[in-house]
Amino acid sequence: RRLEALRGHDGLGAERALLAAFDGLGATLRAAGGLPLRVLAAQALDPCLRHTEPLSPLASPLAGAAEGALDYAGRTPLCPRPVRVLAQLEGTGRWPSHPAAFAKTRAAAALHLAQVLQREYGVPSVGSEDHLDVFFGGFIFRLSLEAAPQQGAAPSAPLVAAGAAAGVPPAKRARRASSSAASSWAWTPAQRAQHHDAVAALGARCPSFGTAAQLAKAWVAAHMFSAAFPDDAVELVAAAAYAGPLASPPPASHTAGFLGFLGLLAGHDWRASPLLVAVGRTQGRRPGGGPPSPAEAAPGERSASEQAAGGGGAAP
């Protein structure tokens, strides 16, 4: 009730406005000309674009919204939260083979895209080596550019992984990697896109899942566990209540789904084994033990590539 009272009628309105702005941004990116490589698609990455975010970002005057836009507390939103989006570029075989040069080239492509958006559509943006923040429709969309894989091209790593590594001592890189893994699982944008598709598909099959995941995230935040329990992990544990071996049939209400999330959180032996989440199908634990399959992860490992394989994966 408290979450519903906080969101009020503005919660659904905020989601609709955000989705409309995202659709408009995707159409603008696909129509942008004068680029060395066209943008083929805009892929959602953010939880608020798959209906699992308790409080969706609100339009802000700082991002182009109409004057008078207010936040959930009735104040003007002065610190709008960026919404993560993946921009898929068309493929080419001319990318540099060195990872650092590959990242620098993509960063240059992001800056070129920023110039085109400003010149042709009047859309302001702020580019960096890691991402491109686009101010569109009252929201800030944080674009990560992803090049379509081509034979002989460098692997598609996140910009920060290759770009920030140049000239940084190994010890400092290790500390950065450790911090990144603790806060965001060190997922690449492409892996986040796979996670988004799997979670969104589950939400389409089970309409109560989105609200159950929102309740789970609100509960984690209220207990100040958010720093150690990333949003993506919360979604996977909530998904296990709908797609796990004991979810037959899946919960029919968001309250039952939330209680299933709490039951898994309290009852699973996290130190002994990972929690396997087969979002696309029912999947139990491997009988008789044995080595983990390609869709599993060892305890303590937080790899998104295993989670995304076949629509399933592991939560920590």
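Look up: the structure comes first, before these words.
In this text the structure is predicted, and so the values were computed from the model without any measurement.

(A) Molecular detail of the environment of Glu-90. By the secondary structure assignment, Glu-90 is in the loop between strand 2 (83-89) and helix 3 (99-121). Residues Glu-90 and Ala-147, 57 residues apart in the sequence, show an inter-C-alpha distance of 6.6 Å. Here Arg-38 takes part through its backbone nitrogen, which lies 3.0 Å from a polar atom of the side chain of Glu-90.

(B) Geometry of the side chain of Asp-133. Inspection of the secondary structure assignment puts Asp-133 in strand 4 (residues 132-136). Judged by relative accessible area, Asp-133 falls into the buried class, the value being 12%. A polar side-chain atom of Asp-133 sits 2.8 Å from a polar atom in the side chain of Arg-142.

(C) Broad picture of the nonpolar core. Residues Leu-29, Leu-49, Leu-113, Val-134, Phe-141 and Leu-143 are the most contacted members of the largest nonpolar core, which totals 33 residues. Only helix 2 (10-31), strand 1 (39-44), strand 2, helix 3, strand 4 and strand 5 (139-147) provide two or more residues apiece to this core. Examining the composition of this core, we find that 6 residues originate from one element, helix 3, more than from any other. Once residues within four sequence positions are removed from consideration, Leu-113 is found in contact with Leu-29, Leu-35, Leu-132, Leu-143 and Leu-145. Formed by 25 residues, the second largest nonpolar core is a distinct cluster that contains Val-234, Ala-238, Phe-258 and Leu-264.

(D) Broad picture of the packing of helix 7 (residues 209-222) against helix 9 (residues 254-267). Where helix 7 contacts helix 9, the two axes come as close as 8 Å, and the packing angle between them is 50°. By the criterion of interaxial angle, the relationship of helix 7 to helix 9 is oblique. By crossing handedness, the relation of helix 7 to helix 9 is classed as right-handed. Here helix 7 contributes Thr-211, Ala-212, Leu-215, Ala-216, Trp-219 and Val-220 to the contact with helix 9, which in turn contributes His-254, Gly-257, Phe-258, Phe-261, Leu-262 and Leu-265. Its residues assigned to classes, the contact of helix 7 with helix 9 comprises 9 nonpolar, 3 polar and no charged.

(E) Summary view of the pairing of strand 2. Counting buried positions over the 7 residues of strand 2 gives 5, a clear majority of the element. One ladder, built from 5 bridges, connects strand 1 with strand 2; its direction is antiparallel. Bridge assignment links Ala-44 to a residue of strand 2, and that residue is Val-85. Bridge count for strand 2 against strand 5 is 7 bridges, and the pairing is parallel. In the sheet register, Val-85 faces strand 5, and the bridge partner there is Leu-143.

(F) The arrangement of the sheet that holds strand 5 in detail. Pairing within the open sheet is mixed, and its 5 strands lie in the order 1-2-5-4-3. The open sheet is flanked by strand 1 and strand 3 (125-127), the only strands paired with a single partner. Pairwise comparison of adjacent strand axes, ignoring direction, gives a mean angle of 25° for this sheet. Where strand 3 meets strand 4, 3 bridges bridge the pair, whose relative direction is antiparallel. Across the sheet, Val-126 pairs through a bridge with Asp-133, a residue of strand 4. With respect to the sheet, helix 3 is in contact with strand 3, strand 4 and strand 5, its orientation differing from that of strand 5 by roughly 135°. Relative to the sheet, helix 6 (residues 189-205) contacts strand 1, strand 2 and strand 5, its axis offset from that of strand 1 by approximately 60°.

(G) Geometry of the packing of aromatic side chains. Under the definition given, this model contains 7 aromatic pairs. Note on Trp-219 and Phe-261: the rings are 6.3 Å apart at their centroids and 80° apart in plane angle, and the pair reads as edge-to-face. Of the two residues, Trp-219 sits in helix 7 while Phe-261 sits in helix 9, which places them 42 residues apart along the sequence. In this structure an aromatic cluster arises from ring pairing among Trp-219, Phe-225, Phe-229, Phe-258 and Phe-261.

(H) Representation of the side chain of Thr-52 within the structure. Mapping Thr-52 onto the fold places it in the loop between strand 1 and strand 2. Setting aside anything within four residues of it in sequence, one finds Thr-52 in contact with Pro-47, Val-199, Phe-209, Gly-210, Ala-213, Gln-214, Lys-217 and Glu-235.

(I) Layout of helix 8 (residues 231-243). Across its 13 residues, helix 8 extends 18 Å between first and last C-alpha, which sits within 8% of the 18 Å expected from 1.5 Å per residue. Most of helix 8 is tucked away, with 12 of its 13 residues classed as buried. Turning to helix 8, its buried residues number three or more, namely Asp-232, Ala-233, Val-234, Glu-235, Leu-236, Val-237, Ala-238, Ala-239, Ala-240, Ala-241, Tyr-242 and Ala-243.

What counts, and at which threshold
Residues numbered from 1 in each chain as written. Predicted model: local features only at pLDDT ≥ 70, side-chain atom pairs only at ≥ 80, totals over all residues. Heavy atoms only, no water. Helix = DSSP H or I, 4+ residues; strand = E, 2+ residues; numbered from the N terminus. Polar contact = N/O pair within 3.5 Å; in protein donor to acceptor, adjacent residues only side chain to side chain. Buried < 20%, exposed > 50% of the residue type's maximum accessible area, 1.4 Å probe, protein only. Core = buried A, V, L, I, M, F, W, Y, C linked by side-chain atoms within 4.5 Å. Contact = heavy atoms within 4.5 Å. Axes fitted to C-alpha atoms, helices over the stretch in contact; angles between N-to-C directions. Parallel < 35°, antiparallel > 145°, perpendicular 65-115°, else oblique. Left-handed = near helix turned anticlockwise from the far one by under 90°. Nonpolar A, V, L, I, M, F, W, Y, C, P; charged D, E, K, R; others polar. Pairing = 2+ DSSP bridges. Phe/Tyr/Trp six-rings, centres within 6.5 Å; stacked < 30°, edge-to-face > 60°. Expected span 1.5 Å × (residues − 1).

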